[in-house]
Amino acid sequence: MDEDQFPQEDIENLVKNAISACLSEFQYQAKLVNNKIHAIVDACLKELQTLNRPFKYIVTCIIMQKNGAGLDTGAALFWDNAKDGLVCIPWENSQMSVVVTVFGTALNVDNLAELD
């Protein structure tokens, strides 16, 4: 894979690992959900940095208690389909539904060199 292509498979793996690490033993408690969201997003961002790829990343996380309500998400994007990308990972257990989305927009490396 080219260094400037969106590393979808790598990102899918790191998001799944972050979710598992943060939620594998977690029993849904509304007052702790915000902390879990921040932990997942922070873990993803730290791992994304280790990929050392020329992308700006945006990570979102939704955790919703399972209570019979539906959960839908959507995104509309205007970007370079050849380089930019997104990964959306759903996860659930008996108590909650989780959706983590990572958006990656390619940085123009040539323009970055001019800024130095």
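- Under the annotation held in an unreviewed UniProt entry, the protein carries the name Dynein light chain and is attributed to Aureococcus anophagefferens.

Some points on helix H1 (residues 8-23)
Okay, step 1: Here H1 contains 16 residues, and its C-alpha end-to-end distance of 22 Å stays within 8% of the 22 Å for a straight helix at 1.5 Å per residue.
Okay, step 2: Those residues of H1 lying buried are Ile11, Leu14, Val15, Ala18, Ile19, Cys22 and Leu23. An end-on view of H1 places all buried positions within 140° of arc, on one side of the element. Exposed residues on H1 whose side chains face more than 90 degrees from its buried face are Glu9, Asn17 and Ala21.

Some words on the nonpolar core
Okay, step 1: Within the largest apolar cluster, 26 residues are counted, with the highest numbers of intra-cluster contacts made by Val15, Ile40, Ile63 and Val100.
Okay, step 2: Listed by contribution, the elements that provide at least two residues to this core are H1, helix H2 (30-50), strand S1 (55-65), strand S2 (85-92) and strand S3 (96-106).
Okay, step 3: If near-sequence neighbours (up to four positions away) are discounted, Ile40 is found in contact with Ala18, Ile19, Cys22, Leu23, Cys61, Ile63 and Val100.

Overview of the pattern of salt bridges
Okay, step 1: For the structure on display, the rule yields 1 salt bridge.
Okay, step 2: We note a salt bridge from Lys66 to Glu92, for which the minimum N-O separation is 2.5 Å. Of this pair, Lys66 sits in the loop between S1 and S2 while Glu92 sits in strand S2; the two residues are 26 residues apart in sequence, bridging distant segments of the chain.

Re unusual backbone geometry
Okay, step 1: For Asn52, which is not glycine, the phi torsion reads 55° and is therefore positive.
Okay, step 2: Its location among the elements puts Asn52 in the loop between H2 and S1.

Section: H2
Okay, step 1: Taking 1.5 Å per residue as the helical rise, H2 with its 21 residues ought to reach 30 Å, and the 32 Å between its terminal C-alpha atoms agrees with that figure.
Okay, step 2: The complete set of buried residues in H2 reads Val33, Ile37, Ile40, Val41, Cys44 and Leu48. Looking straight down H2, one finds that the buried residues subtend no more than 90° of arc, so they occupy a single side. Turned more than 90 degrees off the buried face of H2, the exposed positions are Lys31, Lys46, Gln49 and Thr50.
Okay, step 3: Where the residues of H2 are buried, they touch H1, S1 and S3.

With respect to the packing of H1 against H2
Okay, step 1: Packing of H1 against H2 brings their axes to within 9 Å, and their N-to-C directions diverge by 145°. For the pair H1 and H2, the sense of crossing is right-handed. Side by side, H1 and H2 meet where Ile11, Leu14, Val15, Ala18, Ile19, Cys22 and Leu23 of the first sit next to Lys36, Ala39, Ile40, Ala43, Cys44, Glu47 and Leu48 of the second.
Okay, step 2: When its residues are assigned to classes, the contact of H1 with H2 shows 12 nonpolar, no polar and 2 charged.

Rules and cut-offs
- Residues numbered from 1 in each chain as written.
- Predicted model: local features only at pLDDT ≥ 70, side-chain atom pairs only at ≥ 80, totals over all residues.
- Heavy atoms only, no water.
- Helix = DSSP H or I, 4+ residues; strand = E, 2+ residues; numbered from the N terminus.
- Expected span 1.5 Å × (residues − 1).
- Buried < 20%, exposed > 50% of the residue type's maximum accessible area, 1.4 Å probe, protein only.
- Arc of directions from axis to C-beta.
- Core = buried A, V, L, I, M, F, W, Y, C linked by side-chain atoms within 4.5 Å.
- Contact = heavy atoms within 4.5 Å.
- Salt bridge = Lys/Arg side-chain N within 4 Å of Asp/Glu carboxyl O.
- Axes fitted to C-alpha atoms, helices over the stretch in contact; angles between N-to-C directions.
- Left-handed = near helix turned anticlockwise from the far one by under 90°.
- Nonpolar A, V, L, I, M, F, W, Y, C, P; charged D, E, K, R; others polar.

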